[in-house]
Amino acid sequence: MTADERRAGVDLTNLDQPLSPDAGATKRDLADYLDAVADRMLSALAGRALTVLRVLRGQAPFMQKNAPKYTPAWVRTVPLWAEASKREVHYIVCDDRPTLLWLANQRAVEYHPSLALADDPRRPTHLILDLDPPDDGDFAAVVAVARLVRQALADCGLAGAVKTSGAKGIHVFVPLDGAAAVDDVAAATRALAARAEALDPRRATTAFIVADRAGKVFIDSTRAGGATVVAAYSPRLRPGIPVSFPLSWSDLDSVRPGDFTVRTAVDALAGRDLWAEHMPNPQHLPDDLIEQGRAIPVARVAAMHEGKRRARARRDQR
């Protein structure tokens with residue numbers, strides 16, 4: 001076995017090199033895994049503007065939105081306006097196996113697609129709630145709050161699919177019928193987070209400021225608009241290179257995020273596409289959910305204003 005190969009017309013080089021000092025995995029492990037799950041993973045990436053986390057030798061990991069200048073002409077890119085940076089960004093769109101393998105060879109470890117298709121960026125295809133554990137990393141607590149989210153969804157006639165984040169949390173995805181524009185999806189996300197929190201405020205919180213969470217699971221409602229969420233099956237740049245793994249709701253109590261890595265996930269899938277199997281059909285967001293969310297401040301903006309208020313209060317006390 002050599003350190004260089006060619007697959008699907010793509011040169012793969014230096015495959016024996018570690019991904020990072022503490023990864024416990026090589027570039028070959030990454031390429032082999034992505035190749036093995038390519039068909040499943042491409043269904044989550046195809047047609048979407050893609051941000052990747054790359055880790056180059058001797059450099060700190062970095063998120064890359066703009067396609068590098070040396071990107072081959074056969075790799076599809078799409079220009080989209082980035083409101084935050086006030087510039088046009090040329091994103092890679094990963095529609096096929098050669099593009100995925102080329103990205104693997106660029107040491108792109110994490111894959112964060114946009115929530116909407118590049119051809120219709122104002123219509124998210126999914127509503128997403130991101131559940132983060134308390135400081136002690138208690139995954140059982142995250143599972144309990146995921147069930148609160150499931151109940152909040154059911155209470156308004158919705159259903160979602162669940163996956164590990166690949167880190168310490170859980171993502172809940174609700175497929176949408178395309179009728180709701182981005183601002184309405186964002187509003188509905190805030191409303192669902194608030195409803196899940198209200199079901200058990202001892203366990204769940206929507207507090208964006210970490211110091212205000214008091215050891216509770218954070219229901220992050222900000223994964224909307226121009227945000228991205230790591231794709232199902234994507235590796236994560238952490239020791240052992242875990243992956244974001246789809247689960248059934250009934251499996252949540254019996255697994256831990258570390259169970260699924262680039263070395264174990266393929267066997268755990270047993271030839272199935274669990275994300276496709278567990279994903280409900282696209283759904284219509286209820287009007288009352290959107291209306292409730294419109295009255296809830298955007299968490300990040302509210303936290304910014306609250307942070308400024310607290311800073312002023314501290315200055316006034318001096």
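The structure under discussion appears in the preceding block.
First things first, this report covers the structure right here in the doc. Here the structure is a predicted model, which is why all the values come from computation and not from measurement.

Let's talk about the sheet that holds strand 11 (residues 204-205)
Spatially, 11-12-8-10-9-13 is the arrangement adopted by the six strands of the open sheet, whose pairing is mixed. A single partner strand is all that each edge strand has here, and the edge strands are strand 11 and strand 13 (246-247). Each of strand 8 (126-132), strand 10 (170-175), strand 11 and strand 12 (217-220) is contacted by helix 4 (residues 139-155), which is oriented at about 15 degrees to strand 10, the strand it contacts most. Together, strand 8, strand 11 and strand 12 form the strand contacts of helix 5 (residues 182-199), whose direction differs from that of strand 8 by roughly 40 degrees.

Describing helix 3 (residues 97-105)
Counting buried positions along helix 3 gives seven out of nine residues, so the element sits mostly inside the fold. Of the positions making up helix 3, those classed as buried are Thr-99, Leu-100, Leu-101, Trp-102, Leu-103, Ala-104 and Asn-105. One or two residues past the end of helix 3 sits Arg-107, with phi positive at roughly 60 degrees.

Thoughts on empty space enclosed by the protein
Counted according to the given criterion, the structure contains one cavity of 30 Å³ or more. Estimates place the volume of the largest cavity at around 80 Å³. Contributing to the lining of the largest cavity are Leu-50, Val-52, Arg-54, Gln-64, Lys-65, Asn-66, Ala-67, Pro-68, Ile-92, Trp-102, Leu-103 and Gln-106. At the level of elements, strand 3 (49-54) and helix 3 are the ones that each hand at least two residues to the lining of the largest cavity. Residues that form the lining of the largest cavity fall into these classes: seven nonpolar, three polar and two charged.

What about the pattern of salt bridges?
As enumerated under the stated definition, the model contains 21 salt bridges in all. One salt bridge in this structure joins Asp-119 and Arg-76, with 3.8 Å as the shortest N-O distance. Placement of the pair is Asp-119 in the loop between strand 7 (108-113) and strand 8 and Arg-76 in the loop between strand 4 (62-64) and strand 5 (77-82), with a sequence separation of 43 residues. For Arg-76, a relative accessible area of 32% corresponds to the partly exposed category. Taking the shortest distance from any N to any O, the salt bridge between Asp-253 and Arg-147 comes out at 2.9 Å. Taken together, the residues Asp-253 in the loop between strand 13 and helix 6 (265-269) and Arg-147 in helix 4 connect sequence positions 106 residues apart. According to the relative accessible area criterion, Asp-253 is exposed, its value standing at 56%. For Arg-147, a relative accessible area of 30% corresponds to the partly exposed category. Linked through salt bridges whose partners overlap, the residues forming this network are Glu-5, Arg-7, Arg-28, Asp-32, Asp-35 and Arg-97.

Conventions adopted
Residues numbered from 1 in each chain as written. Predicted model: local features only at pLDDT ≥ 70, side-chain atom pairs only at ≥ 80, totals over all residues. Heavy atoms only, no water. Pairing = 2+ DSSP bridges. Helix = DSSP H or I, 4+ residues; strand = E, 2+ residues; numbered from the N terminus. Contact = heavy atoms within 4.5 Å. Axes fitted to C-alpha atoms, helices over the stretch in contact; angles between N-to-C directions. Buried < 20%, exposed > 50% of the residue type's maximum accessible area, 1.4 Å probe, protein only. 1 Å grid on protein atoms, 1.4 Å probe; cavity = no way out; pocket = protein on both sides within 12 Å on 5 of 7 lines; lining within 4 Å. Points joined across faces, edges and corners; volume = space filled by probe spheres on them. Nonpolar A, V, L, I, M, F, W, Y, C, P; charged D, E, K, R; others polar. Salt bridge = Lys/Arg side-chain N within 4 Å of Asp/Glu carboxyl O.

Without other data, these values stay purely geometric and don't point to any function.
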